[in-house]
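Each chain, letter by letter, is given below.
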Amino acid sequence: MHVLIFGGTGFVGLNIAAAFHTGGHRVSLFDKSPPPAGFDVPAACHLGDVRNKTAVRAAMASAPDIVICGAAITAGSAREARDPDSILSVNLGALPGILESGRDAGVKRFVNLSSAAAYGAAPGPRLAEDDAASPESLYAITKFASERVAARLAGHWRLDVVNVRLSAVFGPWERDTGERDTLSAPGQILALAADGTPALLPRPGIRDWIYAPDVAEAVRTIALAPRLGHALYNISTGNSWSALDWGQALARHLPGLVCRIAGPGETAIVDLHAPTDRPPLATDRLAADLGWRARFDLETSARHLAAWWSTHKESSTT
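Residues numbered from 1 in each chain as written. Predicted model: local features only at pLDDT ≥ 70, side-chain atom pairs only at ≥ 80, totals over all residues. Heavy atoms only, no water.

## So, the overall build of the protein chain
Then step 1. In terms of regular secondary structure, the protein chain is built from eleven helices and 13 strands.
Then step 2. What you see for the protein chain is a C-alpha radius of gyration of 19 Å, in line with the 20 Å of a compact globule of 318 residues.
Then step 3. Reported as C-alpha extents along the three principal axes, the dimensions of the protein chain are approximately 60 × 45 × 40 Å.
Then step 4. Once local pairs closer than 6 in sequence are excluded, the contacts in the protein chain between residues at least 24 apart make up 78%.
Then step 5. Here the protein chain displays about 13500 Å² of accessible surface, and carbon together with sulfur accounts for 52% of that area.
Then step 6. Considering the protein chain, the positive charge centre built from 30 side chains and the negative charge centre built from 32 side chains are found 5 Å apart. (Helix = DSSP H or I, 4+ residues; strand = E, 2+ residues; numbered from the N terminus. Rg over C-alpha atoms; globule rule 2.2 N^0.38 Å. Contact = heavy atoms within 4.5 Å. Areas by Shrake-Rupley, 256 points an atom, 1.4 Å probe, with all protein chains shown as cover. Lys, Arg positive; Asp, Glu negative; His and termini not counted. Charge placed at Lys NZ, Arg CZ, Asp CG, Glu CD.)

## Details of the packing of helix H5 (residues 95-105) against helix H6 (residues 138-157)
Helix packing for two helices is described by the angle between their axes and how far apart those axes are.
Then step 1. Look at H5 against H6: their axes get within 10 Å of each other, and the N-to-C directions meet at 30°. Classed by the angle they form, the pair H5 and H6 counts as roughly parallel. Crossing hand, H5 versus H6: right-handed. Residues Leu-95, Pro-96, Leu-99, Glu-100 and Arg-103 of H5 pack against Ser-146, Val-149, Ala-150, Leu-153 and Trp-157 of H6.
Then step 2. When its residues are assigned to classes, the contact of H5 with H6 shows seven nonpolar, one polar and two charged. (Axes fitted to C-alpha atoms, helices over the stretch in contact; angles between N-to-C directions. Parallel < 35°, antiparallel > 145°, perpendicular 65-115°, else oblique. Left-handed = near helix turned anticlockwise from the far one by under 90°. Nonpolar A, V, L, I, M, F, W, Y, C, P; charged D, E, K, R; others polar.)

## Focus on helix H2 (residues 53-60)
Then step 1. Those residues of H2 not exposed but buried are Val-56, Ala-59 and Met-60. Projected onto a plane normal to the axis of H2, the buried residues spread over an arc of 100° and lie on a single side.
Then step 2. Next to the buried residues of H2 lie strand E1 (2-6), strand E2 (26-31), strand E3 (44-47), strand E4 (66-69) and H5.
Then step 3. The backbone nitrogen of Thr-54 lies 3.0 Å from a side-chain oxygen of the residue at the head of H2, namely Asn-52. (Buried < 20%, exposed > 50% of the residue type's maximum accessible area, 1.4 Å probe, protein only. Arc of directions from axis to C-beta. Polar contact = N/O pair within 3.5 Å; in protein donor to acceptor, adjacent residues only side chain to side chain.)

## A short note on the nonpolar core
Then step 1. Of all hydrophobic cores here, the largest spans 62 residues; its most connected members are Ile-16, Ile-68, Ile-189, Ile-235, Trp-246 and Leu-250.
Then step 2. Of all hydrophobic cores here, the second largest spans 25 residues; its members include Leu-4, Phe-6, Val-56 and Phe-110. (Core = buried A, V, L, I, M, F, W, Y, C linked by side-chain atoms within 4.5 Å.)

## Observations regarding the side chain of His-25
Then step 1. Here His-25 lies in the loop between helix H1 (11-22) and E2.
Then step 2. Residue His-25 is classed as buried on the basis of its relative accessible area, which comes to 17%.
Then step 3. Beyond its immediate sequence surroundings of up to four residues, His-25 is in contact with Met-1, Phe-20 and Leu-224.

## Description of the sheet that holds strand E11 (residues 232-235)
Then step 1. Strands sit in the order E3-E2-E1-E4-E5-E6-E11 across an open sheet of seven strands; the sheet is parallel. Taken across any chain shown, the strands that pair with only one partner, and hence form the sheet edges, are E3 and E11. Ignoring strand direction, the axes of neighbouring strands in this sheet form an average angle of 20°.
Then step 2. Two elements, E1 and E4, share four bridges in a ladder whose sense is parallel. Note on E4: the bridge partner recorded for Ile-5 is Ile-68.
Then step 3. Contacting E1, E4, strand E5 (109-115) and strand E6 (161-166), H5 runs over the sheet at an angle of about 165° to E5.
Then step 4. Running over the sheet, H6 touches E5, E6 and E11 and is turned about 155° from E5. (Pairing = 2+ DSSP bridges.)

## A short note on the packing of aromatic side chains
Then step 1. Under the definition given, this model contains seven aromatic pairs.
Then step 2. Taken together, the ring pairs connect Phe-39, Trp-173, Trp-308 and Trp-309 into an aromatic cluster. (Phe/Tyr/Trp six-rings, centres within 6.5 Å; stacked < 30°, edge-to-face > 60°.)

## As for the side chain of Asn-234
Then step 1. Note that Asn-234 resides in strand E11.
Then step 2. Accessibility expressed as a relative area gives 0% for Asn-234, which makes it buried.
Then step 3. Beyond its immediate stretch of four places on either side in the chain, Asn-234 contacts Tyr-119, Leu-127, Ala-128, Glu-129, Arg-165, Leu-281, Ala-282 and Leu-286.

## Observations regarding the pattern of salt bridges
Then step 1. Enumeration according to the criterion identifies 14 salt bridges in this entry.
Then step 2. Among the ionic pairs, Arg-252 bridges to Glu-299, the shortest N-O distance being 2.6 Å. Of the two residues, Arg-252 sits in the loop between helix H9 (243-251) and strand E13 (259-261) while Glu-299 sits in helix H11 (residues 298-312), which places them 47 residues apart along the sequence.
Then step 3. A residue is classified by how much of its surface remains accessible, and Glu-299, at 35% relative accessible area, is partly exposed.
Then step 4. If you follow the salt bridges from partner to partner, you end up with Arg-57, Glu-100, Arg-103 and Asp-104 in one network. (Salt bridge = Lys/Arg side-chain N within 4 Å of Asp/Glu carboxyl O.)

In structure tokens:
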């Protein structure tokens, strides 16, 4: 298969590219900037703005079988207030052009990367695909809207489109690209370890954190499935742990890293991006339909990321 990944040089896109390449598939990336210098997966790279229909059509001329729709600006509140137009146009406005050009190119399946943020402040104890969504931020609103737009146009154009909601993702190649205002708490902890700065948290920060290689394998499984029982899947471990515990596990592999709760008179510098913890996503649907479950837990992801960092730390920020 040939897979074309929009947003392909973001950290989730790079992990997806690696998973498809490992599976023997041809990979193409579309993004505004090339991959980091240390990324060694052979892939054609189309540089362009996802909002430029001419550039999108040119990339589609490579005749992909599968298209991953992953280009997005993960904006914080300051960027929302300053530049809502870019958030809306990249996260949502570009999607019809991608679907239309893919339709004309004969794409077999589209996978639209959405987010657990679409659930908003929905109550727990677990968030299932059929639960009501209540997105709040512009990022969350556009991600939820992208699901509905993709499903609607799929009906009109007879496309095979599946939406996936990703939980709190972290892992290899996570970095500040200018499109992400909200690096994950584990990503911030790793960056602070590189600087020799103590990672001080405001609270433990409990989430169903999921390691990017697991996300990549789930997306690959969904993209290649002969048939799918549903049009929306959660991708998560289904289990929660704290960023504090994960950071302390990382510290066991990176001597010198300090990760703890900020004490009296100290300022927390790890941003958890929300005042409260979100319930975990339910993973029963994906397990039942395709037999997929995450491989990495708190300990194994910390060990794997520490080993990855020791090899890639010189190139992973560029």
